[in-house]
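Residue-level listing of the chains:
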Amino acid sequence: MSVPTKPITTEEAVFHWDDPLRLDLQLTDVEKEIQRMASEYAQESLLPRVLEAHRTENYEDIPCLVRELGRNGFLGINLHGFGFLGLNHVCYGLVSRELERVDSAYRTVYSVQSSLATEAIYLNGSAEQKETYLPGLAKGELIACFGLTEPNHGSDPGSMETRAAKVPGGYQLDGHKKWIGLATMADILVTWAKDEEGIVRGFIIEKGIPGLSAENIEGKFSLRAAPTCEFRLDKVFVPEANMLPKAKGLSAPFRSLNKARFSIAWGVIGAAEACWKIARDYTLQRKQFGRPLAANQLIQRKLADMETQIALMSQACLRVARLLDEGQCPHEVISLVKRHCAKTALEIALTARDMLGANGIIDEHHVIRHVLNLMAVNTYEGTEDVHALILGRAQTGISAFS
């Protein structure tokens, strides 16, 4: 073992309050450039239009958003061929973080387009299906959705009621899907149904086909900047060529779900960071009893807690991304970070709302929008409790799901 000839010292090291564990020093030049591009796009293009989108639930801008994501090369950024950039999962996570720093709905669109629908075809499709659909999805010229969840079966997709009956030339699908992002504007709907043997299969349904109807879910208080939908299948005929040949059983949709959960873990860090820095700036500027709010011990304690949690979450997500790139990431690891990051980000947003006082409920300060969004993100694609059961099963070898 070699002994250093000069003592190692950190006396001259500078504390970076906004990145205390120096995530920036752990990124490659390519990763830094993707982060810069995503941040610039999100702050300059998305932030100026998010308030109106959230207030009005006007979704006319979403197709434009998808095309912009495609032009920037963000869609399916970790996939190879077919027009995808073929970069790594760190880049995917960094883009997710910058999009959700503006709004969870925009990151949700990104996750649906990049992981759920696109990866379902990428991983399970035939060569012909990939050539037909993936280039358009990579460019943002096609919008897709992922139809797994049903009105009566959210956390228990294995009990899905949608059925696929074999008929001459293909399958007849009947069922009802709910809580499906982008379904009303999707060009293709990647839909999961049980065949006559009870095996879960995947199908590509193109819009406009007879028997398919979709509508936006009204009255939601979360993710208002992008559509959340339901669609019905009434004797919908799907050609044999549109069944995903490599999808057999729930493991197929779960592979896509895991990548989306990964993007959620990264994304909510962006929302938490936005709330933290808004609260910091507000309490530095807001004066009560003759001095800034930030001079109070309770405020500084809350800011320190936010800083600590965000720094630790960032390191955890970076490690998970590296494990994915090395092929060493079991799905339980993604459950761990999705569960922890979503829960912690919501706690940070609620704390920031409190720190802003009455202004915390005004949307021009952005925090209340993040609070509302994170309530949904904390629930979808596996609640905190469901992911706890996944981790509990891994520790004990006993399933508590049934």
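Now for a look at the structure at hand. The shown structure was predicted, so the numbers you read here are calculated from the model rather than taken from an experiment. (Residues numbered from 1 in each chain as written. Predicted model: local features only at pLDDT ≥ 70, side-chain atom pairs only at ≥ 80, totals over all residues. Heavy atoms only, no water.)

With respect to the state of the cysteines
Consideration 1: Here the structure, examined in full by the defined rule, presents 0 disulfides.
Consideration 2: Here cysteine 64 stays unpaired: no disulfide links it, and the sulfur of cysteine 229, its closest cysteine neighbor, is 18 Å away.
Consideration 3: Just so you know, cysteine 275 is unpaired, no disulfide at all, and the nearest cysteine sulfur is the one on cysteine 341, 15 Å from it.
Consideration 4: Look at cysteine 275 and you get buried, because its relative accessible area is 0%. (Disulfide = S-S within 2.5 Å. Buried < 20%, exposed > 50% of the residue type's maximum accessible area, 1.4 Å probe, protein only.)

Overview of the layout of surface pockets
Consideration 1: There is about 1,100 Å³ of room inside the largest pocket.
Consideration 2: Residue composition of the lining of the largest pocket, grouped by class: 21 nonpolar, 14 polar and 5 charged.
Consideration 3: Empty space within the second largest pocket amounts to approximately 350 Å³.
Consideration 4: Along the wall of the second largest pocket there are 20 residues; nearest its centre are Asp18, Asp19, Gln35, Arg97 and Glu273.
Consideration 5: At the level of secondary structure, the elements contributing two or more residues to the lining of the second largest pocket comprise helix H1 (29-56), helix H3 (89-102), helix H6 (251-285) and helix H7 (297-325). (1 Å grid on protein atoms, 1.4 Å probe; cavity = no way out; pocket = protein on both sides within 12 Å on 5 of 7 lines; lining within 4 Å. Points joined across faces, edges and corners; volume = space filled by probe spheres on them. Nonpolar A, V, L, I, M, F, W, Y, C, P; charged D, E, K, R; others polar. Helix = DSSP H or I, 4+ residues; strand = E, 2+ residues; numbered from the N terminus.)

A look at helix H10 (residues 384-396)
Consideration 1: Look at H10: 18 Å from first C-alpha to last across 13 residues, which is about the 18 Å you get at 1.5 Å a residue.
Consideration 2: All of the buried residues along H10 are Val386, His387, Ile390 and Leu391. Viewed end-on, H10 has its buried residues packed into an arc of 140°, placing them on one side of the element. Exposed and oriented more than 90 degrees from the buried face of H10 are Asp385, Gln395 and Thr396.
Consideration 3: Looking at the buried residues of H10, the elements they touch are H6 and helix H8 (331-355).
Consideration 4: After H10 finishes, the residue glycine 397 shows a positive phi value of roughly 80°. (Expected span 1.5 Å × (residues − 1). Arc of directions from axis to C-beta. Contact = heavy atoms within 4.5 Å.)

Considerations on the packing of aromatic side chains
Consideration 1: Throughout the structure, instances matching the rule amount to 8 aromatic pairs.
Consideration 2: Here tryptophan 17 and tryptophan 276 contribute two aromatic rings whose centre-to-centre distance is 5.6 Å and whose plane-to-plane angle is 85°, an arrangement assigned as edge-to-face. Remark: tryptophan 276 occurs in helix H6 and tryptophan 17 occurs in the segment before H1; sequence separation between them is 259 residues.
Consideration 3: For tryptophan 276, a relative accessible area of 3% gives the class buried. (Phe/Tyr/Trp six-rings, centres within 6.5 Å; stacked < 30°, edge-to-face > 60°.)

Re the packing of H3 against H7
Consideration 1: Between H3 and H7, whose axes approach to 8 Å, the crossing angle comes to 145°. In this structure, H3 contributes His89, Val90 and Arg97 to the contact, and H7 contributes Ser314, Leu318, Ala321, Arg322, Leu324 and Asp325.
Consideration 2: Here the contact of H3 with H7 is built from residues that sort into 4 nonpolar, 2 polar and 3 charged. (Axes fitted to C-alpha atoms, helices over the stretch in contact; angles between N-to-C directions.)

Looking at the pattern of salt bridges
Consideration 1: Under the criterion given, the structure shown has 27 salt bridges.
Consideration 2: Two residues, glutamate 150 and lysine 177, come together in a salt bridge whose shortest N-O distance is 3.0 Å. In this pair, glutamate 150 sits in the loop between strand E1 (144-147) and strand E2 (163-167) while lysine 177 sits in strand E3 (residues 170-181), placing the two residues 27 residues apart along the sequence. The burial state of glutamate 150 is the same as that of lysine 177; both residues are buried.
Consideration 3: Aspartate 234 serves as the salt-bridge partner of lysine 235, at 4.0 Å between the closest nitrogen and oxygen.
Consideration 4: For lysine 235, a relative accessible area of 55% puts it in the exposed group. (Salt bridge = Lys/Arg side-chain N within 4 Å of Asp/Glu carboxyl O.)

Describing H7
Consideration 1: For H7, with 29 residues, the first-to-last C-alpha span of 42 Å sits near the 42 Å given by 1.5 Å per residue.
Consideration 2: Positive backbone phi, at 70°, marks glycine 327, one or two positions downstream of H7.

Comments concerning the nonpolar core
Consideration 1: Counting 120 residues, the largest nonpolar core has Ile62, Tyr110, Ile121, Leu173 and Trp192 as its most contacted members.
Consideration 2: When residues no more than four places from it in sequence are discounted, the contact partners of leucine 173 are Arg163, Ala164, Thr191, Ala193, Phe203, Ile205, Leu233, Asp234, Lys235, Val236 and Val238. (Core = buried A, V, L, I, M, F, W, Y, C linked by side-chain atoms within 4.5 Å.)

Examining the environment of valine 30
Consideration 1: Mapped onto the fold, valine 30 is located in helix H1.
Consideration 2: When the C-alpha atoms of valine 30 and histidine 176 are compared, they prove to be 43 Å apart, with 146 residues separating the residues in sequence.

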